[in-house]
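Fold and contact review
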Amino acid sequence: MSLDYYLYLSALLFTIGAAGVLIRRNAIVVFMCIELMLNASNLAFVTFARMNGSIDGQIFAFFTMVVAACEVVVGLAIIVTIYRSRRSASVDDARLLKL
Amino acid sequence: MPAPKIEYAVLAPVLILLAAGVIAVLVEAFVSRKYRYVIQTTLSFSAIGLGILSVALNKDVSGRFAEGSVAVDGVSVVLQGTILVFSLLGLLLIAERGFQSFTAQASTLPGSADEQRALASGLQQTEVFPLTLFAIGGALLFPAANDLITLFVALEVLSLPLYLMAGLSQRRRLLSQEAALKYFLLGAFSSAFFLFGSAFLYGYAGTTTFEGIKVQISTAPGNDLFLLVGLATLTVGLLFKVSAAPFHSWTPDVYQGAPTPITAFMAAVTKVAAFGAFLRIFYATIGGMVWTWRPIIIVVSILTMAIGTIVAIAQKDVKRVLAYSAIAHSGFLLTGIVAFNKSGVEATLLYLATYGFTTLGTFAIVTLVRDAGGEVTDLNRWSGLGKRSPLIAGIFTLFLLALAGIPLTSGFVGKFAIFSSAYESGNISVVIAGVLASAIAAFFYIRIVVLMYFNDPQEDGTSVMIPSPMTAIAIGVCALATLILGIFPQPVINVIDSLAIFVAG
């Protein structure tokens with residue numbers, strides 16, 4: 001099977017993730033969509049590693065996973081704090097800071 | 001298989017700061033609360049001091065280290081030195097204890113009994129120090145990264161602590177938490193774009209090192225689909241970080257909501273780090289694609305200047321005005337990238353150095369204007385400040401004039417250098433836009449000056465705190481630097497000119 005299909009899938013997942021970030025309201029879901037974008041990038045990395053016959057892409061994928069894990073720690077901490085103080089994790093409610 | 005070779009001496013600035021960050025976490029865990037503040041400040045200041053020393057020792061180094069993943073050359077030495085000096089000044093503001101900027105305990109609910117108890121017992125959290133140290137470590141690595149993996153990791157090490165630091169404000173905690181949420185979601189979103197771009201650049205070049213990408217661009221035709229997709233998304237990610245339009249919308253909210261010392265730190269340090277990486281990528285790595293990226297950066301630059309200056313006019317909050325001014329300055333800085341010549345690189349470095357001092361100073365003064373409820377950021381309540389405390393208002397005026405780019409201040413030197421480099425390269429459009437934007441910007445800076453001097457003070461309890469030595473030193477250094485760089489800039493320009501050379505590719 002051609003490796004191109006993996007790239008199409010990666011681009012599709014990335015687009016779904018990006019659209020989700022822009023459309024969804026719940027901060028947790030927005031955050032999940034961001035994770036989807038990161039994973040789409042990981043798929044692209046391993047596909048390119050296979051295409052180029054070099055291992056750098058796979059290494060990059062591991063780094064991405066570690067960074068994504070750190071991002072989850074920081075992100076959930078922030079979202080949970082917000083939820084505890086407002087009883088809502090909707091990003092539309094976060095609109096105190098306005099012109 | 002030979003073990004990887006790590007040149008510890010050359011990488012020392014980054015390693016010292018990150019090691020200090022790790023030690024600071026241990027201090028948080030094991031040292032009694034009574035001694036934490038003293039130990040944390042000593043540790044942080046000495047780490048930055050050692051960092052500055054080791055950067056100075058690197059000044060003649062030029063090469064790629066740690067198996068080619070970090071480039072230490074004149075440009076990165078200048079940038080790392082600048083970052084460390086600004087970090088030192090920022091840390092002075094963060095360590096200020098004459099008045100509290102940070103929440104006693106970030107985990108307590110705003111307005112809850114727990115929060116009251118934490119405040120009443122005089123708790124002073126010190127988590128902000130390890131976070132700051134990690135952010136500085138990431139900022140030092142970001143402009144020196146010579147590899148997409150290192151670049152991405154450095155970006156995250158810089159950003160993740162900042163997301164948390166934005167949420168630590170003591171007053172108006174809901175605003176602060178909201179700022180943290182917005183910063184985090186948009187920052188992570190832009191990181192994802194950045195990562196996707198990295199993937200496609202890797203797919204194009206078959207390697208993640210910058211010189212590999214550069215070689216591939218110079219040999220292969222420049223219209224490869226992978227290359228273009230990679231460049232486009234990577235650029236989006238970077239433009240987010242430097243808060244260029246149309247990716248600037250997080251900046252005013254985060255600058256306003258974050259505790260002011262953190263805003264000061266962030267405004268100076270992340271801008272230097274992000275533009276450093278911008279230079280290394282656009283000038284030293286994908287320079288072969290200049291005809292492709294230049295028109296885009298020109299449009300972004302003009303748009304950023306326009307939005308930054310025009311929207312700032314309508315703002316009523318001093319931190320938001322300064323945030324839009326930061327956006328406008330990103331636009332000015334992008335003209336140095338557009339110039340794409342050696343004087344453009346030098347001018348960008350000079351501009352970053354001048355701008356950092358000024359913006360740190362302005363936010364330092366914002367921390368001083370307070371009433372019983374904390375900082376007063378409503379511009380109307382700043383009226384008559386010149387009559388109430390002439391010295392602070394005078395220094396603030398100096399900073400505002402520098403931001404506007406009036407001669408005899410550092411802002412003029414920086415703007416002159418950066419616009420003339422763009423003019424030299426024949427990109428007249430950005431220069432015209434830049435000069436027009438500067439003229440519009442002068443309007444709202446001068447408006448604040450008028451407000452401070454020609455209006456009567458309101459009797460609403462707004463007063464200017466007498467700064468403790470820490471904040472006073474920070475403001476003094478910033479004011480002096482703004483004046484000296486404005487009147488005798490030549491020594492600094494000479495240093496930058498002699499150092500601003502990228503490692504040969």
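Look a little higher up for the structure.
Residues numbered from 1 in each chain as written. Chains lettered and ligands numbered in written order. Predicted model: local features only at pLDDT ≥ 70, side-chain atom pairs only at ≥ 80, totals over all residues. Heavy atoms only, no water.

A short note on the overall build of chain A
Assigned secondary structure in chain A consists of 3 helices and 0 strands. Each helix and strand of chain A, placed in order from N terminus to C terminus, yields the pattern α-α-α. Computed over C-alpha atoms, the radius of gyration of chain A comes to 17 Å, more than 25% over the 13 Å expected from 2.2 N^0.38 for 99 residues, which places it beyond the range of a compact globule. Each principal axis of the C-alpha distribution contributes one length, and for chain A these read about 50 × 25 × 25 Å. Relative to its full complement of 99 residues, chain A shows a buried share of 42%. Put simply, of all contacts in chain A between residues at least 6 apart along the chain, 59% involve residues at least 24 apart. Approximately 5,400 Å² of chain A is accessible, and the part contributed by carbon and sulfur atoms is 66%. Distance between charge centroids for chain A: 14 Å, based on 8 positive and 6 negative side chains. (Helix = DSSP H or I, 4+ residues; strand = E, 2+ residues; numbered from the N terminus. Rg over C-alpha atoms; globule rule 2.2 N^0.38 Å. Buried < 20%, exposed > 50% of the residue type's maximum accessible area, 1.4 Å probe, protein only. Contact = heavy atoms within 4.5 Å. Areas by Shrake-Rupley, 256 points an atom, 1.4 Å probe, with all protein chains shown as cover. Lys, Arg positive; Asp, Glu negative; His and termini not counted. Charge placed at Lys NZ, Arg CZ, Asp CG, Glu CD.)

Description of the overall build of chain B
Within chain B one finds 20 helices and 5 strands. Compactness check: chain B gives a C-alpha radius of gyration of 22 Å against a globular reference of 23 Å for 505 residues, within 12% of the reference. Its C-alpha atoms give chain B principal-axis dimensions of roughly 70 × 55 × 40 Å. Residues counted as buried form 65% of the 505 residues belonging to chain B. When the accessible surface of chain B is totalled, it reaches about 16,900 Å², and 71% of it is carbon and sulfur.

Details of unusual backbone geometry
The general pattern is negative phi for most residues beyond glycine and trans for most peptide bonds. Residues and elements named next belong to chain B. Between Ala245 and the following residue, Pro246, the backbone shows a cis peptide bond with an omega angle of 0°. Relative to the assigned elements, Pro246 resides in the loop between helix H9 (225-241) and helix H10 (250-257). One non-glycine residue, Leu408, adopts positive backbone phi at about 75°. Turning to its location among the elements, Leu408 is positioned in the loop between helix H16 (390-404) and helix H17 (410-424). Judged by relative accessible area, Leu408 falls into the exposed class, the value being 56%.

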